[in-house]
Every structure is written in structure tokens, then in C-alpha cells.
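Examination of the molecular architecture
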Amino acid sequence: MNPKIAVAGKGGVGKTTIAGALARVFAMEGHSVIAIDADPAMNLHFSLGIERNPEPLSDMKDLIMERTSLDNGLFKLNPKVDDIVENYGIQKGNVVLLVMGTVRRGGGGCTCPENAFLRALLRHIFRRDTTVVMDCEAGIEHLGRGTARGVDIMLIVVEPSVKAVETATRIKSLGCEIGIRKFAAVLNKVMDTDINAITERISEAEIPIIGVIPQDNAILRAEIKGKAPFDASPSFVERVKMLKNRIEMLLQ
Ligand SMILES: Nc1ncnc2c1ncn2[C@@H]1O[C@H](COP(=O)(O)OP(=O)(O)OP(=O)(O)O)[C@@H](O)[C@H]1O
Ligand SMILES: [Mg+2]
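These notes cover the structure that comes with them. (Residues numbered from 1 in each chain as written. Chains lettered and ligands numbered in written order. Predicted model: local features only at pLDDT ≥ 70, side-chain atom pairs only at ≥ 80, totals over all residues.)

1. Quick word on the overall build of the protein chain
For the protein chain, the helix and strand inventory stands at 10 helices and eight strands. Relative to the globule expectation of 18 Å for 252 residues, the C-alpha radius of gyration of the protein chain, 18 Å, shows essentially globular dimensions. Taken along its principal axes, the extent of the C-alpha atoms in the protein chain is 65 × 35 × 35 Å. Relative to all contacts within the protein chain whose residues are 6 or more apart in sequence, the contacts with residues 24 or more apart total 78%. (Helix = DSSP H or I, 4+ residues; strand = E, 2+ residues; numbered from the N terminus. Rg over C-alpha atoms; globule rule 2.2 N^0.38 Å. Contact = placed C-beta atoms within 7 Å.)

2. Remarks on unusual backbone geometry
Most peptide bonds are trans, and most residues other than glycine sit at a negative phi. Look at M42: it is not a glycine, yet its phi comes out positive at around 55°. Positionally, M42 belongs in the loop between β2 (33–37) and α2 (44–48). Note on M42: 18 C-beta atoms within 10 Å, which makes it partly exposed. (Buried ≥ 20, exposed ≤ 12 C-beta atoms within 10 Å, placed from the backbone.)

3. Comments concerning the site of ligand 1
Not every one of the 19 residues close to ligand 1 is listed here, only the nearest: G14, K15, T16, T17 and A138. Those elements that provide at least two residues to the shell around ligand 1 are α1 (15–28), β7 (183–190) and α9 (217–225). Partitioning the shell around ligand 1 into residue classes produces six nonpolar, eight polar and five charged. (Near = placed C-beta within 6 Å. Nonpolar A, V, L, I, M, F, W, Y, C, P; charged D, E, K, R; others polar.)

4. Concerning the nonpolar core
I5, V7, L22, A35, M134, M154 and I156 are the most contacted members of the largest nonpolar core, which totals 72 residues. Considering every element that reaches this core, the biggest residue donor is α1, with eight residues. Contact partners of M134, with chain neighbours within four places excluded, come to I5, A6, V7, I36, A38, A148 and V151. (Core = buried A, V, L, I, M, F, W, Y, C linked by C-beta atoms within 7 Å.)

5. Quick notes on the sheet that holds strand β8 (residues 209–214)
In spatial order, the strands read β3-β4-β2-β5-β1-β6-β7-β8; together these eight strands make up an open sheet with mixed pairing. Looking at the sheet topology across the chains shown, the edges are occupied by β3 (90–92) and β8. Within the sheet, the average angular offset between the axes of one strand and its neighbour, ignoring direction, is 20°. Of the strands in this sheet, β1 (4–9), β6 (153–158), β7 and β8 touch helix α10 (residues 234–251), which is tilted by about 175° from β8. (Pairing = 2+ DSSP bridges. Axes fitted to C-alpha atoms, helices over the stretch in contact; angles between N-to-C directions.)

6. Things to note about the pairing of β6
With six of its six residues buried, β6 lies for the most part within the structure. Of the two faces of β6, the one carrying I153, L155 and V157 and the one carrying M154, I156 and V158 are both buried. With five bridges joining them, β1 and β6 adopt parallel strand pairing. Looking across to β6, one finds that I5 is bridged to I153. For β6 and β7, the ladder comprises five bridges, and the chain directions are parallel. Within β7, the residue paired with I156 across the bridge is A185. In this fold, the crossover linking β6 to β7 by way of helix α7 (residues 162–177) has right-handed handedness. (Right-handed = clockwise from strand over helix to strand, strands pointing away.)

7. Concerning the environment of L250
By the secondary structure assignment, L250 is in helix α10. Between the C-alpha atom of L250 and that of V25, which follows or precedes it by 225 residues, the distance is 17 Å. If sequence neighbours within four positions are ignored, L250 has contacts with I153, K182, A184 and I210.

8. Brief notes about the environment of S47
Along the polypeptide, S47 turns up in helix α2. Between the C-alpha atom of S47 and that of P160, which follows or precedes it by 113 residues, the distance is 22 Å. Not counting chain neighbours up to four residues away, the residues in contact with S47 comprise T16, T17, A19, G20, A21, A228, P229 and F230.

9. A word on the environment of I84
The topology assignment puts I84 in helix α4 (residues 84–88). Separated by 37 residues in the primary sequence, I84 and L121 have C-alpha atoms spaced 7.8 Å apart.

Here you go:
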């Protein structure tokens, strides 16, 4: 099974940290993985342990024009995209990183060459026989653009705060609207305090909690050094392995 996973949640909850580690756990276990950085902040490469970003796809104006333009001044909605991962991603081990960059704003119906190109690319990637982990932009706005349309599961990262749960609930309802059928939550940055009130709220939203990751100083120390938490915290890696197993169970 090659799951297509989008990682979403409120700002700062740990999406990029978890998305990068999840991609690496799948890669470690033999999957070939496409990691998609769909956040304009473009920092997924750190948690993947990849030194630099590839050129963001949204900046490749010439390529996009070449692939999308038609003679009559209109543009193609189904441009050739099947070589993009191989030619424009950066590979490390079993992981290829693609960076989407800054996509022009607009609703789901926004049609411009950049959006047509990126949409066609994502459609292609989500149909490939490859595991995909996509790091989404914080919050809910990206759901309106439908970036994650076509994933098998949306993993919602929640920190122990009512605000994070509220965002998770909205992500689920908007995710349903774009046709995503499976949702799961991972509770991150959990401290020794009582989190029953939070887990109850998540359960009320009917989002199964499939993982709990403690607040981990090794992750923060790695951050200071610009290192991937995956390479700095064995206990974090163990938690992410469990998360991977639960995702696979949910998708069986
Ligand atoms: N389990 C954890 N323990 C301690 N620190 C953590 C943990 N998970 C993430 N962090 C830290 O929290 C901060 C935010 O993490 P990260 O960048 O992954 O969040 P994000 O949800 O992707 O943020 P953004 O919304 O800005 O994209 C980082 O400094 C990261 O090192
Ligand atoms: Mg992030």
C-alpha cells in the first residue's frame, strides 16, 4: 500500500516536524516517497534532513507557460506533468522533495496557468504508485483551494489547546467537502498535564486519535541546530513509526 497523506492543522502545532519524520519513516521501511511542501514558508526540507530546497514549482514560469499554453491564447487544463517529480525534485535516499511555492490566491475555481499546472501535477502524483506525504499550509484556507483533494487520509496535528481542536474540527468539515474520506488526529507537544478535556473534544468531533507525541526537548535542540528532529530524537522516531502503522491500519 502506498498511502497519500496530507498533514494539516493550526499554525505551529508541529505539522512540518511530523510530516518530515513520517516521510522518512516510510522511506526507511522501503517505500519510495514523494514529500510535497505545500506551505509557502517552504521549510519541510529541514525536517527531511535535505539541505536545500529545489526551485519552487510556482517560480517556474517558463516551464508552466511551455506546458500549458495553447495556440489560441487559452491554456491547457491537462498539461504534461509526468516528468516533474524526476526532473524538478531533490532526492535523498528514498524521498523526493517537491516544493510548490507561493500559489496565487483564489478559490477552488481559480483558473490561471500556475494553478492548472499545479493541480494537474498533484492529480498525477496522487495517482502514482508511490507514498506521498504533503505538508499543508497552516489553518483552513488551503482547503478552499483544494490542494489536498485526492489524498487517502488527512492527518490533523493537534496540540493540547482548545483552539487547535477547533481548527481540527473545521479542517475535517472542509476536508469532507473536497471529498477526503478519512481523518485522524495526532496529539503533539503533550506535557504531563491532564489532557482528557482535549481528547474528549477531539472524540466529539469524531476524529480518531491515532498518536500521541510528547513535548520533546531533543526536537527543540535539533531545531536550534537546523537539524532534522528525526536524526536527534529516537523516542520521537518510535512514536512516528507507531503513527505510520496506525495510518496503514486505518487505510486497510
Ligand atoms: N513534540 C514536540 N516537542 C517539542 N517541540 C516541538 C514538537 N513538535 C514540534 N515542535 C516545535 O514546534 C515548532 C513548530 O513546529 P513545526 O514547524 O513543525 O509546526 P508547523 O505546524 O509546521 O508550523 P507552521 O504552521 O508555521 O507551518 C518548532 O519549533 C518545532 O521544533
Ligand atoms: Mg510548517
